[in-house]
Amino acid sequence: MFEDHSANQIAAELNQVQHYDPQYTGALSMLDEATLRWTLRHPVLSAPQNAFSQARYRQKPTLANQGRDQQQAWADVVTAAEALALALRPYGDEQLQFCGVRSVYGTCHGLVHDGPCTRSDNHVND
Ligand SMILES: [Zn+2]
């Protein structure tokens, strides 16, 4: 998910988090995964990405937990998402490039950019 999204497109999605239903944690999980891949390409994104990841783990909506703590936890998720969006914006139209060769796990899908695949150890050599 989000693999063909540019930095700007992922940032735009992060800016939508404020409109998400806090119960729908699946979308946050996908954004967490997608932005984690960007930290491999741009390590400077690690701090805001980690903050977002931590905030979403603290935010665990349940029917028994809808009080003020939960509201604060959700506010923290939105704040962290906005900060991560801001950090991604400078990369604009850039997209991550994924490796398409065969690996022991199927299509490799490691990151490639001006260098060897990050998962070349798994490549299958015909
Ligand atoms: Zn590869």
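Conventions used here
- Residues numbered from 1 in each chain as written.
- Predicted model: local features only at pLDDT ≥ 70, side-chain atom pairs only at ≥ 80, totals over all residues.
- Buried ≥ 20, exposed ≤ 12 C-beta atoms within 10 Å, placed from the backbone.
- Helix = DSSP H or I, 4+ residues; strand = E, 2+ residues; numbered from the N terminus.
- Arc of directions from axis to C-beta.
- Domains from an automatic or database assignment.
- Axes fitted to C-alpha atoms, helices over the stretch in contact; angles between N-to-C directions.
- Parallel < 35°, antiparallel > 145°, perpendicular 65-115°, else oblique.
- Left-handed = near helix turned anticlockwise from the far one by under 90°.
- Contact = placed C-beta atoms within 7 Å.

Trainee: Explanation requested: helix H1 (residues 7-15) in the structure shown.
Mentor: Since the α-helix packs 3.6 residues into each turn, any two residues three or four apart lie on the same face. What H1 keeps buried is the set Ala7, Ile10, Ala11, Glu13 and Leu14. Along the axis of H1, the buried positions cluster into a sector of 160 degrees, meaning they face one direction only.

Trainee: Help me understand the domain arrangement of the chain, please; the structure alone is not making it clear to me.
Mentor: Frequently, the measure chosen for interface size is the accessible area that the parts lose on association. Taken domain by domain, the chain comprises domain 1 (7-91) and domain 2 (97-126). Centre-to-centre separation of domain 1 and domain 2, based on C-alpha positions: 28 Å.

Trainee: Any chance you could explain the packing of helix H2 (residues 25-41) against helix H3 (residues 46-58) here in plain terms?
Mentor: Think of two packed helices as two axes; the pair is described by the angle between the axes and how far apart they sit. Relative to each other, H2 and H3 sit at 160 degrees, their axes nearing to 10 Å. Viewed along their axes, H2 and H3 adopt a mutual orientation that is roughly antiparallel. Note on packing geometry: the crossing formed by H2 with H3 is left-handed. Seen from H2, the contacting residues are Leu28, Asp32, Thr35, Leu36 and Thr39; seen from H3, they are Ser46, Gln49, Phe52, Ser53 and Arg56.

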